[in-house]
Every structure is written in C-alpha cells, then in structure tokens.
Amino acid sequence: MIDHTHDPALKSWVESANVADTDFPIQNLPFATYRRFPGDSPRAGVAIGDQMLDATAAFQLASLRDVMAMTRAERLSLRHRISHYLTTRTAGADELLFPIAAACFELPCEIGDYTDFYASIHHATNVGRMFRPDNPLLPNYKWLPVGYHGRASSIVVSGTPIRRPSGQIADSPAGPPVYGPTRRLDYELEVGAFLGPGNPLGRPIPMVEAAGHIVGVCLLNDWSARDIQTWEYQPLGPFLAKSFATSISPWVVTMEALEPFRRMPEPRPEGDPQPLPHLAGGSPDALGITLEVWLRSARMSSPIRVSRGDFAQLYWTLSQMVAHHTSNGCNLRPGDLIGSGTVSGPEKENRGCLLELTRRGAEPLELPTGEQRRFLEDGDEVIFRGWCEAPGYRRIGLGECRGVISAWN
Ligand code: MN
C-alpha cells in the first residue's frame, strides 16, 4: 500500500538522508543488525542517510527476528512509527544515532533454512546452451521455479573474505578427479528475500498471500566453483560447489519500502504455458530493482562495472517461489532466506555471472590494467549494488554486497 511514508517530499531531521544520491532516504528505512564496537551486544538498526538508528533502544526490538515474525500489518505499523520518529525530532533522539561507516555488521538474523532458485530464463538458457546446445531448457522450467536447498551455515555478511574452496575437479567428464583449489571460481548476482512469518507444516501459502510472507530483500552473491560443480552436480544438483560461502548485503529493504517499485511481471512469450492455478496470481509482484556487478583486481585502484541487470525480468516472481516452496505443505519460518537465482537479461551486458559473461572462459574480460579474467583470481573484489527508481518516487538503494577472494592456503 502506498501511503505518506512514500511521499517524495518527506524529509528527515537527519540531514544526510535528504541528499539526492543516498541509498537510505526517509522513504527506505532498511533494517540491519550491528555492533558499535567488537564485543558490544548486537542491536537492530534502521539506516537513515549515513547514520544508523538504534531500533533496539527506540522501538524495543530485541532483534530482527522479531520483525521477521511479524504479520504484514504489524510490519506496516512499525514502518509508520519509524518514519514518524525520523521526521519529527524529539529530545535526545540524536543519541540513538551511530555512523554507518563505523558499524560492525552481522547477518540480519539467524537464518534457519536457505533455498536458492533459478528464476531467470535468460540465465537458465545461456547456461543450458553450454551443455545442451539444441535443448537448453529442460521441460519443467516453464512450469515451476526450479530450486535446490542451500546451506545456511556458510552465509556471511558483506565484507567477509571469501576463501577459495577446494574440491574434486575432473578434466574429463568420465574422471578421474583430483582434489585441489578451484580454478573456476565465479560469482552469481542474485536478490535474496527474507521470509516471515511463514506457515504451519502441511498448510501451503496461496499466491494471494505469498507477498505477505516476504519481509524484505537484500543483495546475494551465490559464490560458485564451476569445476567442482561440473563434476558433482549429477544426479542430485549443486552441493559443495556452492556451500563454501554465500555473501549477503547487511540491509533488509522491506516490501513496504519496495511498494512503489512493484510491477506486473512481463507477459510470457507467445506459446509459453500459463502458470498452473496455484502459481497464478496476476498481482503486480515483479520488483523493479536495477542490479550491478563491479569488479576490482588487487592491481586496480577502483572497480569497473562488468554488468547490469533488471530484477523485474525474472521468469518467476518471489511470490511464485514462496507459493511453490510451500505447495507441498513445507513450512517456512521467520528468518528463512530464498535466493532468486542469477539475474541475467537478454543482452551480453546483462549476464550475471562470469560463466555466462566469458562463455566459460572463451571470451575473457579485459581489465584496465591489461589483466584478463575468465574466472576470479585471488585478491579480486566483487561488489554488487542495487537500487529502485520510479517516476514520482524517491530513489531507494539496497546498499552493497562485497567480498574479496583469498587464497586456499
Ligand atoms: Mn545461484
């Protein structure tokens, strides 16, 4: 629901929230979990300009799990209270601000379960074509959002170094493999969605209620070791090629903040099947989020942009992922995380991973230093950025998701 909290004329008494290029104007109000210094107890925070508002002190939120467990109506009411607090200065309110630049971030909340989807048809087609040139999409792709159960324990917050994984690697499809550090380390540009309050076991979430079980979104990097993946993935799907690390941005940008950027999903191409009734809704639940990948090698002083995508181009929406995930009765719990799958578009500049961008290394990326990249090298930093814009509304940002590759040894 669009309301006064989305008014583009709304201003905060925190001046840095009123500058044009901030990710965190008063219309955004994303949540994060942070400490002021190592050893401090974790607090729930809300970003406003370049400051963090201590939401644990201001709104008695013990942790963000409390927010994840709220109903949609309760979350909306909390947004109204936070918006009011940050537009109407009260005595002593300054003391609850802390500079974002000095904060130590944690994961937003404990993540019980993590599921990664494969919802970009452009990504699925590009990758499928490498393995099956004549038949890139398998018959199920247009009927259900394909996914796999990921690993929650190795999800880390932006800025955490990513150690190059080792695993079994085979030069020939028939083997034999050797065990050693991956030579084909990749990123995957994705959007993560925190879920809540979720459903009891045995009770599917219908499409009309699915959006109400999405608390908010973050940037997600599904780091992938392509050589380990090639050897291990059949017949049961990704495993150790993915579970060594997944990075997420610290901010949870709420569905309430994203309301002005919801759109009708793009119509399916002529001849494609319509979703079965339990995955059909027709509500405008695609999200217009511009996503970018930036890369900086150890020799580069600043990063360059290597791709840009649009989250609204996915074949399946987050609501359809939630409805499908629970359609067998599987229960979702507060703080569960889903990943969208690599966000790629129709053009080369929209390819959301190096596997696609360099065509498995056949077309290396040229860096300004004269270096080439087929896959990631030690010392490389990958930075994701995301933001939303729509006519008549204030731009809001998702912040950044960063990770530097460190050596296996
Ligand atoms: Mn993925």
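Look a little higher up for the structure.
Treat the numbers as computed from the prediction; the structure is a model and nothing was measured.

Draft legend 1. Seen up close, the overall build of the protein chain. In terms of helices and strands, the protein chain carries eight helices and 26 strands. Its C-alpha atoms give the protein chain a radius of gyration of 21 Å, near enough to 22 Å, the size a compact globule of 409 residues would have. Expressed as lengths along the three principal axes of its C-alpha atoms, the size of the protein chain is roughly 70 × 50 × 40 Å. Of the contacts formed within the protein chain by residues at least 6 apart in sequence, a portion of 71% connects residues at least 24 apart.

Draft legend 2. Molecular detail of the layout of surface pockets. Of the pockets and cavities examined, the largest pocket occupies roughly 1,300 Å³. Sorting the residues of the lining of the largest pocket by element identifies strand 6 (114-117), helix 4 (121-131), strand 7 (147-149) and helix 6 (226-232) as the ones contributing at least two each. Split by residue class, the lining of the largest pocket holds 20 nonpolar, eleven polar and twelve charged. One number sums up the size of the second largest pocket: a volume of about 490 Å³.

Draft legend 3. Focus on the coordination of the manganese ion. At this site the manganese ion is bound by Asp 116 (OD), Glu 188 (OE), Glu 190 (OE) and Asp 222 (OD), with donor distances of 2.1 to 2.3 Å. In primary-sequence terms, the residues that donate to the manganese ion follow D-x71-E-x1-E-x31-D.

Draft legend 4. Unusual backbone geometry, seen in detail. Residue Gly 196 is joined to Pro 197 through a cis peptide bond whose omega torsion reads 0 degrees. Positionally, Pro 197 belongs in the loop between strand 13 (189-195) and helix 5 (207-210). Unusually for a residue other than glycine, Gln 60 sits at a positive phi of about 55 degrees. Examined against the element boundaries, Gln 60 turns out to sit in the loop between helix 1 (55-59) and helix 2 (64-68).

Draft legend 5. Highlighting the side chain of Ser 158. Structurally, the position occupied by Ser 158 is in the loop between strand 8 (155-157) and strand 9 (162-163). The contacts of Ser 158, once residues within four sequence positions are left out, are Ile 248, Ser 249, Pro 250, Glu 400, Cys 401 and Arg 402.

Draft legend 6. Here's a closer look at the nonpolar core. The biggest cluster of nonpolar side chains holds 63 residues, and the ones touching the most others in it are Tyr 187, Val 217, Phe 311, Leu 318 and Leu 376. Residue contacts for Leu 376: discarding those within four places in its chain leaves Arg 164, Leu 185, Asp 186, Tyr 187, Trp 223, Leu 295, Leu 354, Val 382 and Ile 405. Counting 36 residues, the second-largest nonpolar core is a separate cluster that includes Ala 55, Ala 58, Ile 111 and Cys 218.

Draft legend 7. Region of interest: the pattern of salt bridges. A full pass over the atoms with the stated rule returns 28 salt bridges. The partner of Arg 89 in a salt bridge is Asp 94, and the shortest N-O contact between them spans 2.8 Å. In this structure, the salt-bridge partner of Arg 296 is Glu 381, at a minimum N-O distance of 3.2 Å. Of this pair, Arg 296 sits in strand 20 (residues 290-296) while Glu 381 sits in strand 25 (residues 381-388), and the two are 85 residues apart along the sequence.

Draft legend 8. Structural detail: the sheet that holds strand 21 (residues 304-310). Read from one edge to the other, the open sheet built from five strands follows the order 9-26-25-20-21, with strand pairing classed as mixed. Looking at which strands have only one partner, the edges of the open sheet turn out to be strand 9 and strand 21.

Draft legend 9. Representation of helix 3 (residues 72-87). Here helix 3 is 16 residues long and its end C-alpha atoms lie 23 Å apart, about the 22 Å a rise of 1.5 Å per residue gives. Within the sequence span of helix 3, burial applies to Arg 75, Leu 76, Leu 78, Arg 79, Ile 82, Ser 83, Tyr 85 and Leu 86.

Draft legend 10. A look at the packing of aromatic side chains. Following the criterion strictly, the structure yields eight aromatic pairs and no others. Pairing Phe 105 with Trp 251 gives two aromatic rings, centres 5.2 Å apart and planes at 70 degrees, and the pair type is edge-to-face. Highlighted residues: Phe 105 in strand 5 (residues 104-106) and Trp 251 in the loop between strand 16 (246-248) and strand 17 (253-254), separated in sequence by 146 residues. In this structure Trp 251 comes out as buried when scored by relative accessible area, which is 4%. Ring centres of Tyr 187 and Phe 384 lie 6.1 Å apart, and the angle between their planes is 75 degrees; this geometry places the pair in the edge-to-face category. Taken together, the positions of Tyr 187 in the loop between strand 12 (185-186) and strand 13 and Phe 384 in strand 25 put the pair 197 residues apart, joining distant regions of the chain. Ring pairs connect the aromatic residues Tyr 118, Tyr 141, Tyr 315 and Trp 316, which therefore count as one cluster. The residue whose ring lies beneath Arg 385 is Trp 294, and the NZ or CZ to ring-centre distance is 4.6 Å.

Draft legend 11. Up close: the sheet that holds strand 4 (residues 97-99). Spatially, 4-3-2-1-5 is the arrangement adopted by the five strands of the open sheet, whose pairing is antiparallel. The outermost strands of the open sheet, each flanked by one partner alone, are strand 4 and strand 5. Here the strands of the sheet are splayed against their neighbours by 50 degrees on average, with no regard to which way each runs.

Draft legend 12. Fine view of the pairing of strand 2 (residues 43-48). Counting buried positions over the six residues of strand 2 gives six, a clear majority of the element. Neither face of strand 2 is open: one carries Arg 43, Gly 45 and Ala 47, the other Ala 44, Val 46 and Ile 48, and all of them are buried. Pairing analysis gives four bridges linking strand 1 (residues 31-35) to strand 2, with the strands arranged antiparallel. Counterpart to Ala 32 in the pairing with strand 2 is Gly 45. Pairing analysis gives four bridges linking strand 2 to strand 3 (residues 51-54), with the strands arranged antiparallel.

Draft legend 13. Examining the environment of Ala 211 more closely. With respect to the helices and strands, the residue Ala 211 is situated in the loop between helix 5 and strand 14 (214-221). Note on Ala 211: relative accessible area 9%, which makes it buried. The spacing of Ala 211 and Thr 317 is 106 residues in sequence and 9.8 Å in space, taken between C-alpha atoms. Each residue touching Ala 211, except ones within four places of it in the same chain, is listed here: Arg 72 and Ser 319.

Draft legend 14. Structural detail: the environment of Ala 62. With respect to the element layout, Ala 62 can be found in the loop between helix 1 and helix 2. For the pair formed by Ala 62 and Arg 43, sequence separation is 19 residues and the distance between their alpha carbons is 7.3 Å.

What counts and how
Residues numbered from 1 in each chain as written. Predicted model: local features only at pLDDT ≥ 70, side-chain atom pairs only at ≥ 80, totals over all residues. Heavy atoms only, no water. Helix = DSSP H or I, 4+ residues; strand = E, 2+ residues; numbered from the N terminus. Rg over C-alpha atoms; globule rule 2.2 N^0.38 Å. Contact = heavy atoms within 4.5 Å. 1 Å grid on protein atoms, 1.4 Å probe; cavity = no way out; pocket = protein on both sides within 12 Å on 5 of 7 lines; lining within 4 Å. Points joined across faces, edges and corners; volume = space filled by probe spheres on them. Nonpolar A, V, L, I, M, F, W, Y, C, P; charged D, E, K, R; others polar. Donors = N, O, S within 2.8 Å, 3.2 Å for Na, K, Ca; no water. Core = buried A, V, L, I, M, F, W, Y, C linked by side-chain atoms within 4.5 Å. Buried < 20%, exposed > 50% of the residue type's maximum accessible area, 1.4 Å probe, protein only. Salt bridge = Lys/Arg side-chain N within 4 Å of Asp/Glu carboxyl O. Pairing = 2+ DSSP bridges. Expected span 1.5 Å × (residues − 1). Phe/Tyr/Trp six-rings, centres within 6.5 Å; stacked < 30°, edge-to-face > 60°. Lys NZ or Arg CZ within 6 Å of the ring centre and 35° of its normal. Axes fitted to C-alpha atoms, helices over the stretch in contact; angles between N-to-C directions.

Note that every value here comes from positions in space, so none of it alone points to a role or purpose.
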